[in-house]
Amino acid sequence: MNIVILCSHVPDPRMSKRIRSLSKISSDLSVIYWDRTHGQGIKIEDLERIDCIKLDASNERYLVKRLLESKKLRRRSFEILNELSPELIYVSGIECMSAARKIKRVCGSHIVLEIADLPANSYIERFGFLSKPLEALVNREVSSADSMVITSPYYYSDYYKQKTRFRENEVFLFENVPEQSVYYGFKKKPHDVFRVAFIGGVRYFDSIRTLFEAAKGIDGLEVLIAGKGPDYERVLELSKTYSNAKITGEYNYKKEIVNLYSEVDLVYAVYNTKGINERLALPNKLYEAIVCGIPIVVSKGTCLEKYVKELGVGFSVSDGDVDELRTLFLDIIGAGNCQLRRISKKESEIKDGFFYENIEQKFLEWISAKVMSKTRGD
């Protein structure tokens, strides 16, 4: 099967996993990506044997200039796609969808679009009266795909089901679950403090400040922030005013993530709930917490809260409510961690269903069936 993966960004760890998966059903696989690193210095993971075609792009955020640059990138992407004539185009990033759509008309390629964040996110919403037309334009591009892969079930049930033409059998749910090989042999380590951790991309500054304030002055409690991101420097500076805050900075996921979680008692994933993406998304932290047997605390009024309650794997508090979060910490510590042990036991019972390897084969079978159906003209 001739497959081209088309990304409007440098392949991140999630897309790197998809590339490795799709290479298992294709001996003729290429990756076209637009090199927008947004100053993060992102490196493509473990793809040395894959034919990767990089298209240079800027870090432009001004809408008009970005649209003009994207037009050039789409034109160049179309030219490369036309040379490769793929049976399947796997797209990540709405900006490059029109290039895939044009090739579909030329050589009948099947287009699969992966949605990891709603296009109706804060980037679109901030354009005021233009946000609705932009959202409609984006959803029209989404609808031009043949099939869709989503990372949260609520992206379809609470958004795309109403906004696009997609039926349930055209949508595959592939949550942001971790690879079992990375977490093989994970064990909790004994430690002297109750540790609440925010691990991953350091953003949502106000939510992290709420965490610091809620934990302030509680004996035996430590806050751990591990990772880097757009708010890292602000969080690092803020942490200096709290005696029980620890910032470790950037880490190597495959080599260090298991060690980081081995001394964590509670995962913090309380985000601002104003944006639709934050209300519908399910973050990596949820699945990392589950496979490590660590309870998670999330925002009330979100689909994440609903999911956590259905699974029985954590707690919820109101975003920005210092007193409510502080009360939760004190209740957990005061109960002698018995609530945590009960949740941890539940997570150990369900964790096998949240490993990448246990979903991958179904994903590849679904992809193959879609392409075969397209070939037959079904």
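All values reported here derive from a predicted model rather than from experimental measurement. (Residues numbered from 1 in each chain as written. Predicted model: local features only at pLDDT ≥ 70, side-chain atom pairs only at ≥ 80, totals over all residues. Heavy atoms only, no water.)

K.L.:
So what about the pattern of salt bridges? Which residues, and what values?
P.N.:
Where charged atoms from two side chains of opposite charge come close, those side chains can pair. The final tally for this structure, using the stated rule, is 21 salt bridges. The partner of E179 in a salt bridge is R20, with the nearest N and O atoms 3.3 Å apart. Remark: R20 occurs in helix α1 (residues 13–22) and E179 occurs in the loop between β7 (171–173) and α7 (180–183); sequence separation between them is 159 residues. Note on E179: relative accessible area 16%, which makes it buried. A salt bridge links D146 to K104; its shortest N-O distance comes to 2.9 Å. Placement of the pair is D146 in the loop between α5 (131–143) and β6 (147–150) and K104 in helix α3 (residues 97–107), with a sequence separation of 42 residues. Residue classification places K104 among the partly exposed residues on the basis of a relative accessible area of 23%. Salt bridges sharing common partners tie together D12, R14, R18 and E114. (Salt bridge = Lys/Arg side-chain N within 4 Å of Asp/Glu carboxyl O. Helix = DSSP H or I, 4+ residues; strand = E, 2+ residues; numbered from the N terminus. Buried < 20%, exposed > 50% of the residue type's maximum accessible area, 1.4 Å probe, protein only.)

K.L.:
Could you give an account of the side chain of T164, naming the residues involved and the relevant values?
P.N.:
On the secondary structure map, T164 appears in the loop between α6 (153–163) and β7. Separated by 2.8 Å, the side chain of T164 and the backbone oxygen of Y160 make a polar contact. Sequence-distant contacts of T164, defined by excluding residues within four places in its chain, comprise N139, V142 and S143. (Polar contact = N/O pair within 3.5 Å; in protein donor to acceptor, adjacent residues only side chain to side chain. Contact = heavy atoms within 4.5 Å.)

K.L.:
Outline a positive patch on the surface, listing residues and values.
P.N.:
There is a patch of like positive charges on the surface, built from K71, K72, R75, K102 and R105. When residues of the positive patch are traced back to their parent elements, those giving at least two are α2 (63–84) and α3. Among the structural elements, R75 can be located in helix α2. On the basis of relative accessibility, which here comes to 45%, the residue R75 falls in the partly exposed class. (Patch = residues over 30% accessible without salt bridge, like charges linked within 9 Å, V, L, I, M, F, W, Y side chains within 5 Å. Areas by Shrake-Rupley, 256 points an atom, 1.4 Å probe, with all protein chains shown as cover. Lys, Arg positive; Asp, Glu negative; His and termini not counted. Charge placed at Lys NZ, Arg CZ, Asp CG, Glu CD.)

K.L.:
Describe the pairing of strand β2 (residues 28–35), with residues and values.
P.N.:
Moving residue by residue along a regular strand, the side chains alternate between the two faces of the sheet. Within β2, seven of the eight residues are buried, which leaves the element mostly enclosed by the surrounding structure. Relative to β2, strand β1 (residues 2–7) is paired through six bridges, and the arrangement is parallel. By the bridge assignment, I3 is partnered in β2 with L29. (Pairing = 2+ DSSP bridges.)

K.L.:
How would you summarise the pairing of strand β5 (residues 110–115) if you had to cite specific residues and measurements?
P.N.:
In terms of residue burial, β5 counts as a mostly covered element, since six of its six residues are buried. Of the two faces of β5, the one holding H110, V112 and E114 and the one holding I111, L113 and I115 are both buried throughout. Sheet analysis places strand β4 (residues 88–92) next to β5, joined by five bridges and oriented parallel. If you follow V91 over to β5, its bridge partner there is L113. On the question of chirality, the crossover connecting β4 to the parallel β5 by way of α3 is right-handed. Looking at chain direction, β5 and β6 are connected through four bridges and run parallel. Residue pairing in the sheet places I115 in a bridge with I150 of β6. (Right-handed = clockwise from strand over helix to strand, strands pointing away.)

K.L.:
For the packing of helix α8 (residues 205–215) against helix α14 (residues 322–334), give the residues involved together with the corresponding values.
P.N.:
At a closest axis distance of 8 Å, the pairing of α8 and α14 adopts a crossing angle of 55°. Considering the angle they form, α8 stands oblique to α14. Remark: the crossing between α8 and α14 carries right-handed chirality. On α14, the residues that touch T210, L211, E213, A214 and A215 of α8 are V322, L325, R326 and F329. When the residues that make up the contact of α8 with α14 are grouped by side-chain class, the tally is six nonpolar, one polar and two charged. (Axes fitted to C-alpha atoms, helices over the stretch in contact; angles between N-to-C directions. Parallel < 35°, antiparallel > 145°, perpendicular 65-115°, else oblique. Left-handed = near helix turned anticlockwise from the far one by under 90°. Nonpolar A, V, L, I, M, F, W, Y, C, P; charged D, E, K, R; others polar.)

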